[in-house]
Structure formats: structure tokens, C-alpha cells
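For reference, the chains in residue letters:
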Amino acid sequence: KQEVTQIPAALSVPEGENLVLNCSFTDSAIYNLQWFRQDPGKGLTSLLLIQSSQREQTSGRLNASLDKSSGRSTLYIAASQPGDSATYLCAVRPNEKLTFGTGTRLTIIP
Amino acid sequence: SQTIHQWPATLVQPVGSPLSLECTVEGTSNPNLYWYRQAAGRGLQLLFYSVGIGQISSEVPQNLSASRPQDRQFILSSKKLLLSDSGFYLCAWSVLGWNTNSPLHFGNGTRLTVT
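Residues numbered from 1 in each chain as written. Chains lettered and ligands numbered in written order. Predicted model: local features only at pLDDT ≥ 70, side-chain atom pairs only at ≥ 80, totals over all residues. Heavy atoms only, no water.

## Some thoughts on the packing of aromatic side chains
Each aromatic ring pair is characterised by the separation of its centres together with the angle its planes make.
For step 1, the next point in the chain: Tallied over the full model, the rule gives eight aromatic pairs over all chains.
For step 2, the next point in the chain: Summarising the aromatic geometry, the rings of Tyr36 of chain B and Phe106 of chain B are spaced 5.8 Å apart at their centres and angled 50° between planes, so their arrangement reads as tilted. One end of the pair, Tyr36 of chain B, is in strand 4 (residues 32-38); the other, Phe106 of chain B, is in strand 10 (residues 105-106), and 70 residues separate them in sequence. Accessibility classification places Tyr36 of chain B together with Phe106 of chain B in one group, the buried group.
For step 3, the next point in the chain: Through a chain of ring-to-ring contacts, three or more aromatic side chains come together here, namely Phe36 and Phe100 of chain A together with Tyr34, Tyr36, Tyr49 and Phe106 of chain B. (Phe/Tyr/Trp six-rings, centres within 6.5 Å; stacked < 30°, edge-to-face > 60°. Helix = DSSP H or I, 4+ residues; strand = E, 2+ residues; numbered from the N terminus. Buried < 20%, exposed > 50% of the residue type's maximum accessible area, 1.4 Å probe, protein only.)

## Some words on the interface of chain A and chain B
For step 1, the next point in the chain: Between chain A and chain B, the contact holds 22 residues from the first and 25 residues from the second.
For step 2, the next point in the chain: In total, about 1900 Å² of surface goes out of reach between chain A and chain B, with carbon and sulfur atoms giving 56% of it.
For step 3, the next point in the chain: It is Arg93, Glu96 and Lys97 of chain A that lose the most area in chain A upon contact with chain B, and together they represent 29% of the buried surface on that side.
For step 4, the next point in the chain: Between the two partners, chain A and chain B, sit one salt bridge.
For step 5, the next point in the chain: Lys97 of chain A serves as the salt-bridge partner of Glu59 of chain B, at 3.4 Å between the closest nitrogen and oxygen.
For step 6, the next point in the chain: Counting every contact that joins chain A to chain B gives seven residue pairs in polar contact (both at pLDDT 80 or more).
For step 7, the next point in the chain: Among the secondary structure elements, those contributing two or more residues to the side of chain A that touches chain B are strand 4 (32-38), strand 5 (44-51) and strand 9 (86-93) of chain A.
For step 8, the next point in the chain: Taken together, the residues of the side of chain A that touches chain B break down into eight nonpolar, 10 polar and four charged. (Contact = heavy atoms within 4.5 Å. Buried area = accessible area lost by both parts, 1.4 Å probe. Salt bridge = Lys/Arg side-chain N within 4 Å of Asp/Glu carboxyl O. Polar contact = N/O pair within 3.5 Å; in protein donor to acceptor, adjacent residues only side chain to side chain. Nonpolar A, V, L, I, M, F, W, Y, C, P; charged D, E, K, R; others polar.)

## What to know about the sheet that holds strand 8 (residues 72-77) of chain A
Residues and elements named next belong to chain A.
For step 1, the next point in the chain: Reading across the sheet, the five strands line up as 1-3-8-7-6 and stay open at both edges, with antiparallel pairing between neighbours. The open sheet is flanked by strand 1 (4-5) and strand 6 (56-59), the only strands paired with a single partner.
For step 2, the next point in the chain: Pairing of strand 6 with strand 7 (residues 62-67) involves four bridges; the strand directions are antiparallel. Each bridged residue has a counterpart across the sheet, and for Thr58 the counterpart in strand 7 is Asn63. (Pairing = 2+ DSSP bridges.)

## Comments concerning the confidence of the model for chain A
For step 1, the next point in the chain: For chain A, the average pLDDT comes to 94, and 100% of its residues sit at 70 or higher.
For step 2, the next point in the chain: Within chain A, strand 8 of chain A carries the highest mean pLDDT (98), whereas strand 10 (residues 99-100) of chain A carries the lowest (92). (pLDDT = per-residue confidence, 0-100.)

## Here we look at the side chain of Asp84 of chain A
Residues and elements named next belong to chain A.
For step 1, the next point in the chain: On the secondary structure map, Asp84 appears in the loop between strand 8 and strand 9.
For step 2, the next point in the chain: A polar contact is formed between the side chain of Asp84 and the side chain of Arg61, at a distance of 2.8 Å.
For step 3, the next point in the chain: When neighbours within four sequence positions are excluded, Asp84 is seen to be in contact with Arg37, Arg61, Ile77, Leu106 and Ile108.

As C-alpha cells, this is what we get:
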């Protein structure tokens, strides 16, 4: 059974710093990995999707990497801003269904 | 462009009452549709998914059910709510099939409180 872990559960950093969020998964047989952002009381917003054949994807200040063999993905956020404060979730897709991690709650301190 | 609508946004229901949450998708055809639940302090739990009209797969045995009466409509129901059904319910869609370029898109969710 696929298990997805995100550590730490919560992270606080000063504004302007670069930061890395981690995601690990137990079964490397995946089609893609997706990173989401969730604001309090809201649905999930898709940030980046990395196909299993890719190593990384970039969107603006966000860069996601994937090392399928080791079961790891990272989300790099450059020059963090208070508006980046949210919970970030990763999810892996082995088939029609996604398996989610429990998320990292990120707080950017102005 | 594609959009997903979910309603109501919030709902307070007594124990034993029925439930009906609706989700519709616009701007695409034959999507995969999903219902997830997010309980306080816990991750997202897949409840149901559908790859076509009338095709429902249940992931977790419980007192909830799902139906897909139309291509882009997904309904989550219960005949009698339990306290443990409280949570944040999220509908999502993706392009049909195993397309590795297809991300999952979520609605804004329904906050259900069973009292």
C-alpha cells in the first residue's frame, strides 16, 4: 500500500528566505506526482505536476523535483512571501487515484 | 476553460438526517470524478471515484454513497448521517484515463458539521 509522508508537519520561516518542503513515498511505481496548495477552509490548488519520466518542473518561484528511485520529491520556494503561507500537500498517482500526504503547514513571517 | 462547482459551501445537519452534496464540472467531457474527505488534522481520504456515468468505485466502506447521473455531475449522499461524517468534503476532476499530464483539479469544498 502506497504511503506518502511529508516532514515537517509545520514550518515557519522569515520572509525572503528560500525554503524546501519534502515529500516521500513508499512505492516508486507512480505515473506522476503533484504538489498542491491549500489555504484555510479552501479547496486545493494545483501548483506543479511532475511526470514519472521527469526530474523537475518549474513555475515562477516554485521548483519541484522528483527522484522516483528513492521515493522523494521536494518543493523549493524561492524568496518566500507572506502570501505563500498555506498548507502544501503532495500526492502520487499510481493509477486513476491519488494518494496524498498529510501536508506541511507553512508560515512566512513578515 | 474548465471549472468545477461544489455546493453548498457549509452545511450543519443533525445526526440521522440525510445528506446530498453536489458537484458539477464545466468545460470538459468524460472526466474522472472524485470525492475526498478531509477530517480535522488528517490527510485527504478518497471516498469514491468515477470513470463514467453510473460507474462508481468505493474506497471506504461507510454509510455514504455516490452517484453520477450525468457525465459531469457527481453526487455524494447519505441516508442517515453519523457524527463521524463531519469533515471537509472535496470534489475533484481530472482528464479521463491514465494521462500522466492530467492534474487533479479541486472544487472549493463543503464544510459539513453533524450535530
